[in-house]
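Residue-level structure breakdown
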Amino acid sequence: MRLFASILIVIGIGVAGLFLWIIALLGKDQQFYGVYIPILSLGLIVIIILAIYDKWKEKGTKLFSISFLVIAIITMGSYEGYQYYLKSLEIVSTQDVDLSEYQPFQEDTRAIRLEEESTLQLTDDLPQLDGATALYPVYAGFAQAVYPEKTYNLDESEVISSQTSNAFKNVIHSDADIAFMAEPSEKQYEYADSINVDIELTPIGKEAFVFFVNKNNPVDSLTIEQIQAIYSGEVTNWQEVGGNNEEIRAFQRPEGSGSQSALIRFMENRELMEPPADEIVSGMGGIIRETSNYQNHKNAIGFSFRFFSQEMVENGEIKHIAINEVEPSKENIQNEKYPVIAEFYAVTRRTKSENVEKLIDWIQTELGQEIVDRTGYVPLE
């Protein structure tokens, strides 16, 4: 009878453990639970079989069993607690921004409303707009000024936001007419060339590319050369640039994002170091490498565009680093004192519809540039 019960226990826990292990391998915590679940399953099998054979009466067996269960609970609790802590640190990511606040024509929208009627009004054959998260407030304002009043859903309408890399692909594959974004990366240019698509970039405004640290970091300013040295891996301790004796955690963004492309251009001819990364399992079942987003560790440094990190994400937990002693203020962008300024663009296929041409021309007029300015970016002139 005991043998039969033991076999059932082995089969039951084994099957349950295998099922949970497979699920773990498909999740972002597979590195931990991929090892934890088999060990836990084996330990439970041993403990239950010992109990079936009355070995729990022995002091050593009881001590082993209790110790194993306590260690298992503490281990899982510590891991989940640390993951919760890391999640609480994550800032300046797309998840921090509720873009619905900027949807055109909503009653309390934060998208800019012109005080006078736009000189361009489109009623049909509306250009499909897409773009970077940080630029959605700008082109939502364009749509509010030029498009007919209705609901423009963030996912399925003429005004959506699928982030930089997807927006670029949507333009390339004719699923969008305009992608509002920073300059494409070299790989994005190469991708367009590989499928024989000619693209055109029309500047519509300017913005500062900024670096930021934890608000308690004593470092307030870095030179371009120091930041390049940090991101090339030559400088690895804050003490080397006037800070505390702490290792520098230089976080990066996923390849193809507008800010990561800006970082690559910022590095000029210096090679970018391998970023901190986690191995995760994608929904398709394949293992991919996802570059870590900025986390507000006290020794971290991250980057973005000024408006996004300063205006769209307002949590007060970071501070922008001055570059060459110049703060990344709107005034310093306008007078070009801040040394790292990037234009952002309306990216289109070279062959465009009449309404796309009209909209892009209008964006460059005084009214279009007013929306750029009042949103918080810097107009072209």
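Everything that follows concerns the structure shown earlier in this document.
To keep things clear, this report deals only with the structure shown in the data block. Quantities reported herein were computed from a predicted structural model and do not represent experimental measurements.

In terms of nonpolar packing, the biggest core is built from 40 residues, with Leu129, Phe142, Tyr147, Phe180, Leu359 and Trp362 touching the most fellow members. Elements with a contribution of two residues or more to this core: helix 4 (136–146), strand 2 (178–182), helix 9 (306–312), strand 11 (341–349), helix 11 (354–363) and helix 12 (366–375). Counting residues per element, this core draws most heavily on helix 4, at eight residues. With residues up to four places along the chain from it excluded, the contact list for phenylalanine 142 reads Phe180, Ile204, Trp362, Ile363, Gly368, Ile371 and Val372. Core analysis: the second largest hydrophobic core is formed by 34 residues, Ala182, Ile230, Val241 and Phe266 among them.

Here we come to the pattern of salt bridges. Inspection of the entire model under this criterion finds 15 salt bridges. For lysine 206, the salt bridge is made with glutamate 336, and the minimal N-O distance between the two is 3.7 Å. You can see lysine 206 sitting in strand 3 (residues 199–214) and its partner glutamate 336 sitting in the loop between helix 10 (330–334) and strand 11, a full 130 residues away along the chain. Exposure remark for lysine 206: the relative accessible area of 12% places this residue in the buried category.

This part is about the side chain of glutamine 188. If you trace the backbone, glutamine 188 turns up in helix 6 (residues 186–194). Judged by its relative accessible area of 7%, glutamine 188 is buried. Those residues in contact with glutamine 188 that sit more than four places away from it in its chain are Thr164, Ser165, Phe168, Met181, Gly256 and Ser261.

Another point: the pairing of strand 11. Summarising the sheet, strand 2 and strand 11 pair through four bridges and their orientation is antiparallel. The partner of alanine 182 across the bridge, within strand 11, is phenylalanine 344. Bridge count between strand 3 and strand 11: nine bridges; the pairing is antiparallel. Of the residues in strand 11, the one forming a bridge with glutamate 207 is alanine 342.

A few words now on a nonpolar patch on the surface. Taken together, Leu3, Ile7, Ile11, Val15 and Tyr53 make up a surface patch of nonpolar side chains, about 470 Å² in accessible area. Mapped onto the secondary structure, isoleucine 7 falls in helix 1 (residues 2–25).

This paragraph deals with the layout of surface pockets. Any empty space left between atoms is shown by rolling a water-sized probe over those atoms. The computed volume of the second largest pocket comes to approximately 370 Å³. In terms of lining, the second largest pocket is formed by 20 residues, of which the most central are Glu255, Gln260, Ser261, Ile264 and Leu272. If you tally residues by element for the lining of the second largest pocket, the top one is helix 8 (residues 258–266), at four residues. Here the residues of the lining of the second largest pocket are counted per class, giving eight nonpolar, five polar and seven charged.

Burial of strand 2 is extensive: five of the five residues sit out of reach of the surface. Bridging between strand 1 (residues 129–131) and strand 2 involves three bridges; their strand directions are parallel. Note on strand 2: the bridge partner recorded for aspartate 130 is alanine 179.

Turning next to a negative patch on the surface. On the surface, Glu186, Glu190, Asp193 and Asp198 cluster together into a patch of negative charge. Along the chain, aspartate 198 turns up in the loop between helix 6 and strand 3.

It is worth spelling out the packing of aromatic side chains at this point. Within this structure, the stated rule accounts for 21 aromatic pairs. Between phenylalanine 32 and tyrosine 36 the ring centres are 5.2 Å apart and the planes differ by 20 degrees, which places this aromatic pair in the stacked class. Of this pair, phenylalanine 32 and tyrosine 36 both sit in helix 2 (residues 30–52), four residues apart, which is roughly one turn of the helix. The exposure classification of phenylalanine 32 matches that of tyrosine 36, with both residues buried. Here tyrosine 33 and tyrosine 79 contribute two aromatic rings whose centre-to-centre distance is 5.7 Å and whose plane-to-plane angle is 85 degrees, an arrangement assigned as edge-to-face. In this pair, tyrosine 33 sits in helix 2 while tyrosine 79 sits in helix 3 (residues 59–89), placing the two residues 46 residues apart along the sequence.

Conventions and cut-offs
Residues numbered from 1 in each chain as written. Predicted model: local features only at pLDDT ≥ 70, side-chain atom pairs only at ≥ 80, totals over all residues. Heavy atoms only, no water. Core = buried A, V, L, I, M, F, W, Y, C linked by side-chain atoms within 4.5 Å. Buried < 20%, exposed > 50% of the residue type's maximum accessible area, 1.4 Å probe, protein only. Helix = DSSP H or I, 4+ residues; strand = E, 2+ residues; numbered from the N terminus. Contact = heavy atoms within 4.5 Å. Salt bridge = Lys/Arg side-chain N within 4 Å of Asp/Glu carboxyl O. Pairing = 2+ DSSP bridges. Patch = residues over 30% accessible without salt bridge, like charges linked within 9 Å, V, L, I, M, F, W, Y side chains within 5 Å. Areas by Shrake-Rupley, 256 points an atom, 1.4 Å probe, with all protein chains shown as cover. 1 Å grid on protein atoms, 1.4 Å probe; cavity = no way out; pocket = protein on both sides within 12 Å on 5 of 7 lines; lining within 4 Å. Points joined across faces, edges and corners; volume = space filled by probe spheres on them. Nonpolar A, V, L, I, M, F, W, Y, C, P; charged D, E, K, R; others polar. Lys, Arg positive; Asp, Glu negative; His and termini not counted. Charge placed at Lys NZ, Arg CZ, Asp CG, Glu CD. Phe/Tyr/Trp six-rings, centres within 6.5 Å; stacked < 30°, edge-to-face > 60°.

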